[in-house]
Amino acid sequence: KMAAAEPGRFFCTAGRGLEPFLAREVRARLGATEVDCVSGKVFFRAAAGPGELRKLRSGERLFLLLKKHSPLPVSGNRGKMLHEIKSLITEESKYWLDIISVWRRFHGREGKTDDVSQENSLALKRKSEEETNTASKRQKMEQVRAVVSEECQVEAGETCVALERMSGQECWIESKTSSEFPSKGSGENPTVNEKLSFGFRVSCRCSGAIAKILTSQEIGRAIGIALVKQCGWRADLRDPDLEIFVHLNDIHSVVGIPLFRLPLANRDYIKTAGLRSTVAWAMASLAEISAGALVLDPMCGLGTILLEAAKEWPEACYWGADISDLQLEGADENITTAGLMDKIELLKASVKALPLPSESFDSVISDIPFGKKFKTTNDAQLLPDILQEMERVLRVGGTLVLLLSQELRRHVDGLIRCAGGDSAEASADGDSTADPAQAPGADGNSSSLAQGGRESVLGRCFRSLVPEGVYAVGLGKTDAFIHKYRKVSAAGNW
């Protein structure tokens, strides 16, 4: 068995490619130690309260870490595997009392539920002392029979929900009633049971080898039954007091408790969502925004990048431009909702002809539209016009941060590389990797615009912009790339 979780040990889920940003953020914002980055998660230890933890901007969901174990052994014996899984959460009563105490402190419930917490404490202690009581033994046997019956059903090959066989799907303990779980009221005082009632839900996600043997729902149900048996809690799918998160894959076995009901990525200051807030924050974090800086998003859309930047670096001044009245109206509503009217200015303008002075901004950040909804990739002349205006309004020494599709990145790279320099692709930690110009397109072939016809098709070079990194991120099912450049000389001085 693993040792009991210690207070201050956390993990946070992250979007694809944002793990290094999150690792860097927890170190800088929380002074975190023991930071461990894996695909989709960052584990860390920090002496931080709920207020500080809520400020994390590049993470999705934050959990109190209970267990982190090597992958569970996979065998053809489903009953044995379920037993191994249940052993992850089977602990002494004091373990769960300590966990609930820590969770209550972080959840802000300590003052409101002390009486209930004390009652739960007494109940769990009594359960460990009543081993010799005849009624308790009878109840325990009933519970064991229920568990055995459940495991027999699993052994017999009964399926739960067909869709749950999808390896990456998250699953709650799905049941229309809680009758699948042993009743904790048998043979005990019902009045006491009502006071001791503690609702919980298990969210289970499994992938890799284990998902080929057991579904998330089967695992979740087995863990739920074990917790009911051990702690006397009740299953509550709709409004649980506590949610227990279990993730089993080929890398690790993780058990945790969400600290907040809503994901960190859900921003209460954004009325209408545009670009994913975590990606917008990551882009702004690369722009080196300082007090008094002037920051521009020349294709601001609903203003998500500006909102994330202004919330994090409020001492700077922000400008957003867009050609669409509808987008500007949405951005204005978002800015008003966030209370940032004095920080962000909006203007209607085309990114190809910005009514702004040359070399007037310290940072330019932009999500260049791509996909079926936009025609950017169909107009070979649009990208040079966009880059020319961004380069013009950016001061020497300033940073340019762009979000590009895989195809757009090759077009932009062709414009930058035609000066003769090499583009260094970097990770969020600054390590160089492959040459981005060699990356294949969505069809597996190099883009025609990125091959020999760069000068003839694209026509212009931007030698004043030096690449400083490329960061692959995920936008749902779409791959995108954050490019960072620095302007090293005045436009046209080649």
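Residues numbered from 1 in each chain as written. Predicted model: local features only at pLDDT ≥ 70, side-chain atom pairs only at ≥ 80, totals over all residues. Heavy atoms only, no water.

The name given to the protein chain in an unreviewed UniProt entry is U6 snRNA (guanine-N(2))-methyltransferase THUMPD2, and the organism recorded there is Tichodroma muraria. Of the comments in the UniProt record for the protein chain, the one headed Sequence similarities (unreviewed entry) reads "Belongs to the methyltransferase superfamily." The annotation that UniProt attaches to the protein chain under Subunit (unreviewed entry) is "Part of the heterodimeric THUMPD2-TRM112 methyltransferase complex; this complex forms an active tRNA methyltransferase, where TRMT112 acts as an activator of the catalytic subunit THUMPD2." (UniProt positions renumbered as here; feature names shortened; annotations may be inferred.)

*Asks:* Just to check I follow, could you spell out the packing of helix H1 (residues 19-30) against helix H9 (residues 277-286) for this structure?
*Replies:* The geometry of a pair of packed helices is captured by two quantities: the angle between their axes and the separation between those axes. Between H1 and H9, the least distance of the axes is 11 Å, while the angle of their chain directions is 65 degrees. By the angle between their axes, H1 is roughly perpendicular relative to H9. H9 is crossed by H1, and the crossing has left-handed handedness. Across the interface between the two elements, Phe-21, Arg-24, Glu-25 and Arg-29 of H1 pack against Trp-281, Ala-282, Ser-285 and Leu-286 of H9. (Axes fitted to C-alpha atoms, helices over the stretch in contact; angles between N-to-C directions. Helix = DSSP H or I, 4+ residues; strand = E, 2+ residues; numbered from the N terminus. Parallel < 35°, antiparallel > 145°, perpendicular 65-115°, else oblique. Left-handed = near helix turned anticlockwise from the far one by under 90°. Contact = heavy atoms within 4.5 Å.)

*Asks:* Is there a simple way to think about helix H11 (residues 325-338) in this case?
*Replies:* Along an α-helix, a turn takes 3.6 residues, which lines up residues three or four apart on a common side. Look at H11: 20 Å from first C-alpha to last across 14 residues, which is about the 20 Å you get at 1.5 Å a residue. Along H11, the residues classified as buried are Leu-328, Gly-330, Ala-331, Asn-334, Ile-335 and Ala-338. Viewed along the axis of H11, the buried residues span an arc of 160 degrees, placing them on a single side of the element. Pointing more than 90 degrees away from the buried face of H11 are the exposed residues Leu-326 and Glu-329. In this structure, the buried side of H11 is in contact with helix H10 (304-312), strand S11 (317-322) and strand S12 (344-348). Of the residues that open H11, the one with a side-chain oxygen 3.3 Å from the backbone nitrogen of Leu-326 is Ser-324. (Expected span 1.5 Å × (residues − 1). Buried < 20%, exposed > 50% of the residue type's maximum accessible area, 1.4 Å probe, protein only. Arc of directions from axis to C-beta. Polar contact = N/O pair within 3.5 Å; in protein donor to acceptor, adjacent residues only side chain to side chain.)

*Asks:* Explanation requested: the confidence of the model for the protein chain in the structure shown.
*Replies:* Detailed reading of the predicted coordinates is not advisable wherever pLDDT falls low. Residue-level pLDDT values for the protein chain average 75, and 66% of them are 70 or greater. Here residues 110-196 is modelled with pLDDT under 50, and outside its nearest four sequence neighbours on either side it reaches 124 contacts, counting other chains as well. This model gives residues 371-380 a pLDDT under 50, and the stretch forms 10 contacts once residues within four places in sequence are excluded. (pLDDT = per-residue confidence, 0-100.)

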